[in-house]
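Report on the structure
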Amino acid sequence: MQSTLMTWQQSWPLLLFIIAALYLPGCLLVTALGSRKPIFVTALGPVVSIALAGIDGVLFQLFGISWNWRSYGLSAMALIAIILLARKLFNHFRNPDGAGRESSTLASNDGKTKLRLKPFLPAVIGTAIAACNIGIRLMHAAPSPDQVTQNYDSVFHYNIVARIVLTGQASSLHALPPIREIYPIAFQEFAAMGAMAYRPATAVSAVTCTWLVFAALIWPVSMLFLVRTLLGRHAWSDLLTPVLASCCAGFPFLLLDWGTLYSMFAGQVILPVFVALTWSWCIDGWRESRQSVVGLVWILLSVVAVSFCHFRVMMTGALLVLPVILSWLIRAGRQLAQTNKHRFHVAAGVLTAGFLVLLAIGLKIFHNLYLQGPARKISDHLNGGPAQPTEDLPSAIVRFLLGQPIDSGNRRLPVYWPLALALILALIVLCLHHSRKDMLLVSSFLLLGLVFVACAGTHADWAKILTALWYKDQRRLFSAWPVVAIPIMGMALEHGIEALKRYTPQAEKMISMPIMMLAATVAVLICTVNPQLDSMEKTLGSTYTFAANNADAPMLSTDEFLLMKRMGRHVSDREQVLSDPWNGSGYMLAIGGTTPFYAHLYMNWDHDHAYLATNFEHIDSDPQVCRILTAHHIDWYADMGGPYVANDPQHQIFNGLQPVPQALQLVDSQGRAKLYRITACRP
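The model shown is predicted, which means the values in this text are computed figures rather than measured ones. (Residues numbered from 1 in each chain as written. Predicted model: local features only at pLDDT ≥ 70, side-chain atom pairs only at ≥ 80, totals over all residues. Heavy atoms only, no water.)

1. As for the overall build of the protein
- Across its full length, the protein holds 26 helices and 5 strands.
- The C-alpha radius of gyration computed for the protein amounts to 27 Å, which stays within 12% of the reference 26 Å derived for 683 residues, consistent with globular compactness.
- In terms of overall dimensions, the protein has a C-alpha envelope of 90 × 65 × 55 Å along the principal axes.
- Taking all 683 residues of the protein together, the buried fraction comes to 52%.
- The long-range fraction of contacts in the protein, counting pairs at least 24 apart against all pairs at least 6 apart in sequence, stands at 75%.
- Mean positive and mean negative side-chain charge positions of the protein (49 and 39 charges, respectively) differ by 13 Å. (Helix = DSSP H or I, 4+ residues; strand = E, 2+ residues; numbered from the N terminus. Rg over C-alpha atoms; globule rule 2.2 N^0.38 Å. Buried < 20%, exposed > 50% of the residue type's maximum accessible area, 1.4 Å probe, protein only. Contact = heavy atoms within 4.5 Å. Lys, Arg positive; Asp, Glu negative; His and termini not counted. Charge placed at Lys NZ, Arg CZ, Asp CG, Glu CD.)

See the structure below:
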């Protein structure tokens, strides 16, 4: 078995290519636009790459252009050339004589270069520790990148990647027809690029490696960029922030365990960049006209990138930046009222009218969906599994304050008391310090907590109304906990250090080394002695574990994996395979490149899909069955046991999809997993 699965050592070319695809085009574009700060380039680079890939995927399909890593790279090169040419022309017309050109900032002296590199070491070391922490734990949970996450949503995400590789179509407007047309698939695009460039990779291994790059590199740097924006550069925060991001409140593993929400996860990973850009603009950036426009462009670009990962993440982003935006509106309104009362009245009127229009539209939509008719439809809305409360309100409040996530089985992970107590102490410090920035951060934390508690602690109608835009799902909200909790802890520590510096003039020199030693010690301890993270890793391991070869649950066994990996030897690209997707066969496209007729476990199936699912067992007596099989080039049937969940209402449609021995000819098998050619419909 081990020889058939890709090892982590074999995946290094795949990992390196995905890193290059995420960082190289974006970083070059950010640099071409004039930014030189390393933290800005490294944080914004992946964001720009994600936005570019998402836009490429939509536009290329509209114009009938095949999408792959080459076309993506060419579009990036063309855009860089256009930007450089535009900048050159702009500088020429602004300054025809060539005076005032930017001089090189690189030091010519080797000693000076070393001094310039020294400030980056804490950030580099912190990011390296975080990357190792996340990478090692993932490799323990999944010994091979070819192992699938065995849950409902993973079938959909893996098959999107496989479809992109197979068809060269990567538009978020046509994600996985006929299962789902409109769905944001920027994350899946980078996984597909990896699978296209490194042929030994399956869609499964490409997804796993892409997740690792997002989690181990992009996430810690995004958080570092946010904390730098709020606190400025400090050696201790540069070291601690990435490490805290790697083991705080279950993220980045939380969404991998529950539902395998790759798109949502990717949006959460780059969300701190949007929050940082918005904070920077609302606090200072809006005052200078040129910088204000540039800042708005970066914010818009981050919104595009997050939305191409998953647009619903922007609702969480809006929640986190709402306090700082309201604060900016008040300050900008006061300034405008002092300088030009007429413009102030016009702006206030337009803003109020826009708010009222949006409110009216929202109320109308709400009325049509939930209040129209004799019954209160809101009472039956959002009653599914993830929407169910897991506790009462006081318990949810305590769990949010302590940063205690739950796993996919609704089991509470251990509280990591050092971080929980540090956060509570930090909240007290910020409330006592009472500066505007402190209160804005605390307000963001409280707003996030309000919506989380409404999800986790009650199923009342008011909670459904408040949380509908978040699916009434506490896990997706809890993933944003580190985005506010880590800056709160950092800001409180900064206040403590500043107070100590004021207490004694020599404090800065005296405490710098002890602070760094303490930060390094804490970084190592929270990675190695962390029961919450250990429990998260254990839970994740069960998500990746194969079913026993004679068992139906969790979903996929090693025998079924092996058979699906070699199905391409028998099934041509034009043919499809009929099978019950609930028995693990939905993964066949991702594992072996073979197209299943049912590429997901549930949808509003069209006539042909629904008819075959309920009537295949009548193939000998019902000519309509053969007509549908022939029309869709379905010449194969896969038998892989029963459904992984017994008696699920969504599976009932497939009860008629049973093997019919007299209509099938065995072609290949692995244990109880069997591939048949359908012979009953031959002329």
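2. Some words on a nonpolar patch on the surface
- Taken together, Ile55, Leu59, Leu62, Phe63 and Ile65 make up a surface patch of nonpolar side chains, about 510 Å² in accessible area.
- Residue position: Leu59 is located in helix H2 (residues 38-62). (Patch = residues over 30% accessible without salt bridge, like charges linked within 9 Å, V, L, I, M, F, W, Y side chains within 5 Å. Areas by Shrake-Rupley, 256 points an atom, 1.4 Å probe, with all protein chains shown as cover. Salt bridge = Lys/Arg side-chain N within 4 Å of Asp/Glu carboxyl O.)

3. Description of the sheet that holds strand S2 (residues 595-596)
- Strand order in this open sheet of 5 strands is S2-S1-S3-S5-S4, and the pairing throughout is mixed. Across the chains shown, the open sheet's two edge strands, defined by having one partner strand only, are S2 and strand S4 (664-670). (Pairing = 2+ DSSP bridges.)

4. Focus on the state of the cysteines
- Tallying each qualifying case throughout the model produces 1 disulfide.
- Left without a disulfide partner, Cys248 is nearest to the cysteine sulfur of Cys247, which lies 7.0 Å away. (Disulfide = S-S within 2.5 Å.)

5. Re helix H26 (residues 623-631)
- Where H26 is concerned, the buried positions are Val625, Cys626, Ile628 and Leu629. The arc that holds the buried residues of H26, viewed along the axis, is 160°, so those residues lie on one side. Turned more than 90 degrees from where H26 packs its buried face, Pro623, Thr630 and Ala631 sit exposed.
- Looking at the buried residues of H26, the elements they touch are strand S1 (576-578), helix H25 (607-615), strand S3 (634-639) and strand S5 (673-678).
- Measuring from the side-chain oxygen of the N-cap residue of H26 to the backbone nitrogen of Gln624 gives 3.0 Å; that N-cap residue is Asp622.
- Looking at the residues trailing H26, positive phi occurs at His633, about 55°. (Arc of directions from axis to C-beta. Polar contact = N/O pair within 3.5 Å; in protein donor to acceptor, adjacent residues only side chain to side chain.)

6. Quick word on the packing of aromatic side chains
- Under the counting rule described, the total for this entry stands at 30 aromatic pairs.
- Counting every residue linked through ring pairs, the aromatic cluster contains Tyr158, Phe187, Trp211, Phe214, Trp219, Phe251, Phe253, Tyr262, Phe265 and Tyr587. (Phe/Tyr/Trp six-rings, centres within 6.5 Å; stacked < 30°, edge-to-face > 60°.)

7. Let's talk about the pattern of salt bridges
- Per the stated rule, a full pass over the model turns up 11 salt bridges.
- A salt bridge links Arg475 to Asp473; the shortest N-O distance between them is 4.0 Å. Across the pair, exposure class does not vary: Arg475 and Asp473 are buried alike.
- Two residues, Arg672 and Asp552, come together in a salt bridge whose shortest N-O distance is 2.5 Å. Residue Arg672 is located in the loop between S4 and S5, and its partner Asp552 is located in the loop between helix H22 (531-544) and helix H23 (558-565); the two are separated by 120 residues in the primary sequence.
- Here the salt bridges do not stand alone but share partners, grouping Arg137, Asp534 and Glu537 into one network.

8. Details of the nonpolar core
- Core analysis: the biggest nonpolar cluster contains 215 residues, and Leu44, Trp211, Leu578 and Phe616 have the highest contact counts within it.
- It is helix H8 (residues 203-231) that contributes the most residues to this core, 21 residues altogether.
- Apart from the residues within four sequence positions on either side, Phe616 is in contact with Leu578, Tyr611, Val625, Leu629, Tyr637, Gly656, Leu657, Gln658, Val660, Leu664 and Ile678. (Core = buried A, V, L, I, M, F, W, Y, C linked by side-chain atoms within 4.5 Å.)

9. So, unusual backbone geometry
- For the bond running from Phe251 to Pro252, omega is 15°, close enough to zero to count as cis.
- By the element assignment, Pro252 lies in the loop between helix H9 (235-245) and helix H10 (254-257).
- The omega angle of the peptide bond from Ala553 to Pro554 is 10°, so this bond is cis rather than trans.
- By the secondary structure assignment, Pro554 is in the loop between H22 and H23.
- The phi angle at His434 is positive, at roughly 65°, despite the residue not being glycine.
- Tracing the chain through its elements places His434 in the loop between helix H16 (417-433) and helix H17 (436-457).

10. Overview of the pairing of S5
- Direction of pairing for S3 relative to S5: antiparallel, over a ladder of 4 bridges. Each bridged residue has a counterpart across the sheet, and for Tyr637 the counterpart in S5 is Tyr676.
- Sheet topology note: the S4/S5 ladder contains 6 bridges and is antiparallel. Residue Ser669 lies in a different strand from S5, and its bridge partner there is Lys674.
- In this antiparallel pair of consecutive strands, S4 and S5, the connection spans 2 residues, and Gly671 shows a positive phi of 65°.

11. Considerations on the environment of Gly34
- Mapped onto the secondary structure, Gly34 falls in the loop between helix H1 (12-32) and H2.
- Judged by its relative accessible area of 35%, Gly34 is partly exposed.
- When the C-alpha positions of Gly34 and Leu84 are compared, they lie 9.5 Å apart, and in sequence the two are 50 residues distant.

12. Details of the side chain of Arg331
- Locating Arg331 in the fold gives a position in helix H13 (residues 313-339).
- One buried charged residue, Arg331, remains without a salt bridge, the closest side chain of opposite sign being Asp284 at 6.1 Å.
- In this structure, Arg331 is in contact with Cys282, Ile283, Trp286, Arg287 and Arg436, ignoring residues within four places of it in sequence.

13. Observations concerning the pairing of S3
- Of all 6 residues in S3, 5 are buried; the element is thus mostly enclosed.
- Judged from the 3 bridges that link them, S1 and S3 form a sheet pairing that is parallel. Across the sheet, Leu578 pairs through a bridge with Tyr637, a residue of S3.

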